[in-house]
Amino acid sequence: KTLEKYKRLKFDKDHPYSRRCPDCNVPNLFETKSIVKNNKQLCIPCNPVTNCMKCEKEFCFYHSCAHVGMTCAEYEKDTTDDNDLNTEFINTFAKKCPK
């Protein structure tokens with residue numbers, strides 16, 4: 001069991017553009033492209049949303065199964081709205097810890 005876990009963790013470390021399916025835990029490799037951002041060369045997935053090669057469930061390189069049927073941009077907009085509401089609520093009703 002420990003050896004299996006080691007092999008899984010080693011595979012994940014050796015394949016940074018692989019993500020495990022959140023449903024069946026099979027590793028899926030994502031095709032990447034190179035971009036330059038802030039004068040740094042980066043590799044990013046060509047398409048961050050994929051279907052698992054084993055069970056065919058949809059999941060995202062960045063967000064796992066958080067936004068099935070949505071794009072990353074749609075999901076991030078939805079969560080940004082929620083985060084803004086949470087921040088507003090906390091700033092309105094929460095008390096700072098005494099020092």
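Residues numbered from 1 in each chain as written. Predicted model: local features only at pLDDT ≥ 70, side-chain atom pairs only at ≥ 80, totals over all residues. Heavy atoms only, no water.

Chemist: Where do I start with the overall build of the chain in this structure?
Modeler: In terms of helices and strands, the chain carries two helices and six strands. When the helices and strands of the chain are placed in sequence order, the string is α-β-β-β-β-β-β-α. Its C-alpha atoms give the chain a radius of gyration of 18 Å, clearly above 13 Å, the size a compact globule of 99 residues would have. Taken along the three principal axes of its C-alpha coordinates, the chain extends 50 × 40 × 30 Å. Out of the 99 residues belonging to the chain, those deemed buried represent 13%. Sequence-distant contacts in the chain: of pairs separated by 6 or more residues, those separated by 24 or more amount to 26%. Carbon and sulfur atoms make up 53% of the accessible area of the chain, which totals about 8300 Å². Taking the average location of the 17 positive side-chain charges in the chain and that of its 14 negative ones, the two points are 11 Å from each other. (Helix = DSSP H or I, 4+ residues; strand = E, 2+ residues; numbered from the N terminus. Rg over C-alpha atoms; globule rule 2.2 N^0.38 Å. Buried < 20%, exposed > 50% of the residue type's maximum accessible area, 1.4 Å probe, protein only. Contact = heavy atoms within 4.5 Å. Areas by Shrake-Rupley, 256 points an atom, 1.4 Å probe, with all protein chains shown as cover. Lys, Arg positive; Asp, Glu negative; His and termini not counted. Charge placed at Lys NZ, Arg CZ, Asp CG, Glu CD.)

Chemist: Quick question: what am I supposed to make of the packing of aromatic side chains here?
Modeler: Evaluation of the coordinates by the stated rule reveals five aromatic pairs. Their ring planes at 85° and their centres at 6.0 Å tell us that Phe-30 and Phe-59 sit as a pair that is edge-to-face. With a gap of 29 residues between them, Phe-30 in the loop between strand S2 (27-29) and strand S3 (32-37) and Phe-59 in strand S6 (residues 58-60) connect regions that are remote in the sequence. Judged by its relative accessible area of 8%, Phe-30 is buried. Ring centres of Phe-30 and Phe-61 lie 5.1 Å apart, and the angle between their planes is 70°; this geometry places the pair in the edge-to-face category. (Phe/Tyr/Trp six-rings, centres within 6.5 Å; stacked < 30°, edge-to-face > 60°.)

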